[in-house]
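Tertiary structure, described
Chain by chain, the residues run as shown.
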Amino acid sequence: MRAAVVVFPGSNCDRDVIHALRTTVSADTETLWYESSDLPKNIDLIVLPGGFSYGDYLRCGAMAARTPVMKAVRRFAEKGGLVLGICNGFQVLTESRLLPGAILANQSLTFICRSCTVRVERTDTPFTLGCRENQVLEMPIAHHEGLYFLPDEEISRLKKEKRVVFRYCGPDGELDDSHNPNGSLDNIAGIVNERGNVMGLMPHPERASEKILGSDDGTLIWNSLRIWLEKGGR
Amino acid sequence: MRRGEKVMTYTAEVLVYLKEGVLDTQGKAVKQSLQRLGFQDLEDVRVGKYIQLRINAENEEAAKARAKEMCVELLVNELIEEFDIKVVDRPCGPQS
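Described below are features of the structure shown in this document. This one's a predicted model, so the numbers in the text were calculated from it and none came from an experiment.

1. A look at helix 5 (residues 219-230) of chain A
All names here are of chain A. The end-to-end C-alpha distance of helix 5, which contains twelve residues, comes to 16 Å, matching closely the 16 Å that a straight helix rising 1.5 Å per residue would cover. Listed as buried for helix 5 are Thr-219, Ile-221, Trp-222, Ser-224, Leu-225 and Leu-229. Buried positions along helix 5 lie against helix 1 (14-25), strand 3 (45-48), strand 4 (82-86), strand 7 (136-143), strand 9 (164-169) and strand 11 (198-201). At the exit of helix 5 stands Gly-232, carrying a positive phi of roughly 75°.

So this is what it looks like as structure tokens:
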């Protein structure tokens, strides 16, 4: 697997993602500067990492979404390339309209940094095909803006099209308000685009990629990508 | 653009509001605080943004049109926000 991890001014999870990709699936991984409008050749995956791009000014991800590299990311996605946005990377994907919706301030108005559990809602995406249906994954969240929002009519379309990949849940997969850390509509923690090659999620798989960190459930995502590519997914 | 018009610097004041139906957590928290301070007559609070742009243009309409382009391209997320633009031919704020 060949992967590129984008670095915006203020990204801070890029090295963790590179470490996880190298150690879990031996991915050939390089960084990609936000000013570059060309992508490295023959890459399979682009990761938009977590952090505080442009200091979260104006709206989280708004300025990062309008950088030269994102034009290249859009072309890559349109050709079917795999794009994964984590936390701030998810915000960049919604701001650039590669994914629907907007991500608003947590209902609690506090920064939430803790472990949480999410339920896998789809196992037919390149990002989750190594998971079991309804499997519960433990991964940390760390955000102030994590409330997934879409207007009513659009959220029912999103659900009908089965575009929700992860939902915040209890330890046994139960979906209710008490296990919704940030007030996201319908407990949504991660979604994909129509074609299934672009995914955004708020939890950090790279921070749950080895046992010593408390959970290695994040490796399921890296492994899914590996399997998908080995099967000639694109 | 009429010929012979001189370019001057206009000030565009942009107000950005959250759309009706979009959860405004800040507004809710501010409302609760104000009510706790005794403002029981307070019905609702919405928190938005104020952005001031200084734009070189031939006339007010041209300045407003440019400000609108900036709103659409970056300043406003039209899925969740709405905006108003007011243009004046002088600086605004404490210095005026």
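2. Description of the packing of aromatic side chains
Residue and element names in this part refer to chain A. Applying the stated rule across the entire model yields four aromatic pairs over all chains. Their ring planes at 90° and their centres at 6.3 Å tell us that Tyr-34 and Tyr-54 sit as a pair that is edge-to-face. Taken together, the residues span a long stretch of sequence, with Tyr-34 in the loop between strand 2 (28-33) and strand 3 and Tyr-54 in the loop between strand 3 and helix 2 (68-78) at a distance of 20 residues. Ring centres of Phe-90 and Tyr-148 lie 6.0 Å apart, and the angle between their planes is 10°; this geometry places the pair in the stacked category. Here the residue Phe-90 occupies a position in helix 3 (residues 88-95), and Tyr-148 occupies one in strand 8 (residues 145-149), the gap between them amounting to 58 residues. Judged on exposure class, the residue Phe-90 and its partner Tyr-148 are both buried. Grouped by ring-pair contacts, the aromatic residues Trp-33, Tyr-34 and Tyr-54 constitute a single cluster.

3. Some words on the nonpolar core
If you look at the biggest cluster of nonpolar residues, it comprises 66 residues, and the most contacted ones within it are A:Phe8, A:Leu21, A:Leu84, A:Tyr148, A:Phe166 and A:Trp222. With residues near it in sequence (within four places) discarded, A:Leu21 still touches A:Met1, A:Ala3, A:Val5, A:Ser26, A:Ala27, A:Thr29, A:Leu45, A:Val47 and A:Trp222. Counting 16 residues, the second largest nonpolar core, distinct from the first, contains B:Ala67, B:Val76, B:Phe83 and B:Val87.

4. Some thoughts on the environment of A:Ser26
Counting through the fold element by element, A:Ser26 comes out in the loop between helix 1 and strand 2. Separated by 149 residues in the primary sequence, A:Ser26 and A:Leu175 place their C-alpha atoms 35 Å from one another.

5. Some details on the side chain of A:Glu206
Residue and element names in this part refer to chain A. Relative to the helices and strands, Glu-206 resides in the loop between strand 11 and helix 5. Although Glu-206 is buried, it forms no salt bridge, and the closest oppositely charged side chain is Arg-207 at an N-O distance of 4.2 Å. Only 2.8 Å separates the side chain of Glu-206 from the side chain of His-204, close enough to count as a polar contact. Setting aside anything within four residues of it in sequence, one finds Glu-206 in contact with Cys-13, Asp-16, Val-17, Ala-20, Ile-86, Leu-213 and Trp-222.

6. Observations regarding the interface of chain B and chain A
Across the contact, 16 residues belong to chain B and 18 residues belong to chain A. Here chain B and chain A share an interface that buries about 1,300 Å² over both sides, 66% of which is from carbon and sulfur atoms. Ranking the residues of chain B by area buried against chain A places B:Thr25, B:Leu74 and B:Leu79 at the top, with a combined share of 41%. Put simply, chain B and chain A have one salt bridge between them. The salt bridge involving A:Arg59 is made with B:Glu81; its shortest N-O contact spans 3.7 Å. Linking chain B to chain A there are six residue pairs in polar contact (both at pLDDT 80 or more).

About the criteria used
Residues numbered from 1 in each chain as written. Chains lettered and ligands numbered in written order. Predicted model: local features only at pLDDT ≥ 70, side-chain atom pairs only at ≥ 80, totals over all residues. Heavy atoms only, no water. Helix = DSSP H or I, 4+ residues; strand = E, 2+ residues; numbered from the N terminus. Expected span 1.5 Å × (residues − 1). Buried < 20%, exposed > 50% of the residue type's maximum accessible area, 1.4 Å probe, protein only. Contact = heavy atoms within 4.5 Å. Phe/Tyr/Trp six-rings, centres within 6.5 Å; stacked < 30°, edge-to-face > 60°. Core = buried A, V, L, I, M, F, W, Y, C linked by side-chain atoms within 4.5 Å. Lys, Arg positive; Asp, Glu negative; His and termini not counted. Salt bridge = Lys/Arg side-chain N within 4 Å of Asp/Glu carboxyl O. Polar contact = N/O pair within 3.5 Å; in protein donor to acceptor, adjacent residues only side chain to side chain. Buried area = accessible area lost by both parts, 1.4 Å probe.

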